[in-house]
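This is what each chain is made of:
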Amino acid sequence: MMIEISAADRVFILTGAGISAESGIPTFRGAGGIWRTYRVEEVASPHAWQRDPAMVWEFYSMRRRAAGAAKPNPGHFALAALESKLGERLFLCTQNVDNLHEQAGSRRAVHMHGELFKSRCDTCRRPPFDDSRTYEPRAEIPRCECGGQIRPHICWFGEVPYDLDRIFQALSDCTVFLAVGTSGVVEPAASFVARARGRARTYYVGPEEPANASAFTKSFLGKSGGLLPNLFDCK
Ligand code: OAD
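Residues numbered from 1 in each chain as written. Predicted model: local features only at pLDDT ≥ 70, side-chain atom pairs only at ≥ 80, totals over all residues. Heavy atoms only, no water.

A. Just the nonpolar core, in detail. In this structure, Trp35, Ala44, Trp57, Tyr60, Leu116 and Trp156 are the most contacted members of the largest nonpolar core, which totals 25 residues. Counting residues per element, the ones that place at least two in this core are helix 2 (34–37), helix 3 (40–43), helix 4 (46–51), helix 5 (53–68), strand 5 (114–121) and strand 7 (150–154). Ranked by the residues each element gives to this core, the list is headed by helix 5, at five residues. Those residues in contact with Trp156, other than ones at most four positions away along the chain, are Val43, Ala44, Ser45, Pro46, Trp49, Val56, Tyr60 and Arg151. (Core = buried A, V, L, I, M, F, W, Y, C linked by side-chain atoms within 4.5 Å. Buried < 20%, exposed > 50% of the residue type's maximum accessible area, 1.4 Å probe, protein only. Helix = DSSP H or I, 4+ residues; strand = E, 2+ residues; numbered from the N terminus. Contact = heavy atoms within 4.5 Å.)

See below:
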């Protein structure tokens, strides 16, 4: 069975860490997950940044190194190909901070949890800027012109995800909703399917049912790199 997409459909796709798993980037939960090794509140929260910015930078430097070496897999390429067919009828929203959707050719992915290869000031409104530097232990935290400290452009726990207005608009416009490789436990993304349900056909792709499985019309169980390239039937 495939997901049929007609000329009248508007498609919302939400991706999570699972889509990058086959590219060698660890997921957060489950065996080998990042949150099995690190405590979220010690490396990914405003409190951690206040207390020990060097430790936060060490964590994101490690993640920059891992993601910097990764290449997109057939799942990312399949979504980029779908974007080139559907144009603005596809809204691609990712919880991932890697740039594998862009490397695969997606031009308009919305990064609701930020981007690993961008940084910003923790004090002023200077916009986020491209930054792939890594920081050595005990190095000084770089400063903005305003005197603030430069932090990763990441949505930490307790912070509000980015672009929610555009995301909620796209959710209310969509007729097909597909979540890929996300465990369905982190809000607000876990509730996106409930917003789309009713109007939209809702699908999930991943090796196991997510926590919010009951909100999906159908789950396609398997790895996204194997399933996505043959999943869409565009009329
Ligand atoms: P999780 O680590 O919670 O879930 C990853 C999901 O990917 C699981 O449901 C796996 O079954 C699935 N998966 C594993 N391998 C896969 C494969 N080859 N193909 C498809 N799916 C596969 O990751 P997320 O749900 O993305 O937030 O986590 C959500 C947020 O929690 C993250 O964005 C991050 C984290 O804390 C922040 O850092 C703000």
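Structure's up, so let's keep going.
B. Quick look at the site of the ligand. By nearness alone, 23 residues border the ligand, and Phe28, Arg29, Thr182, Ser183 and Glu208 come closest of all. Here Ser183 contributes a side-chain N or O atom positioned 2.5 Å from an oxygen atom of the ligand. Across the complex, the protein chains shield 92% of the 790 Å² of accessible surface that the ligand would expose by itself. Within the shell around the ligand, the residues separate by chemical class into nine nonpolar, ten polar and four charged. Per-domain counts for the shell around the ligand show at least three residues from each of domain 1 (1–24 + 72–113 + 161–235) and domain 2 (26–69 + 116–154). (Near = heavy atom within 4 Å. Polar contact = N/O pair within 3.5 Å; in protein donor to acceptor, adjacent residues only side chain to side chain. Areas by Shrake-Rupley, 256 points an atom, 1.4 Å probe, with all protein chains shown as cover. Nonpolar A, V, L, I, M, F, W, Y, C, P; charged D, E, K, R; others polar. Domains from an automatic or database assignment.)

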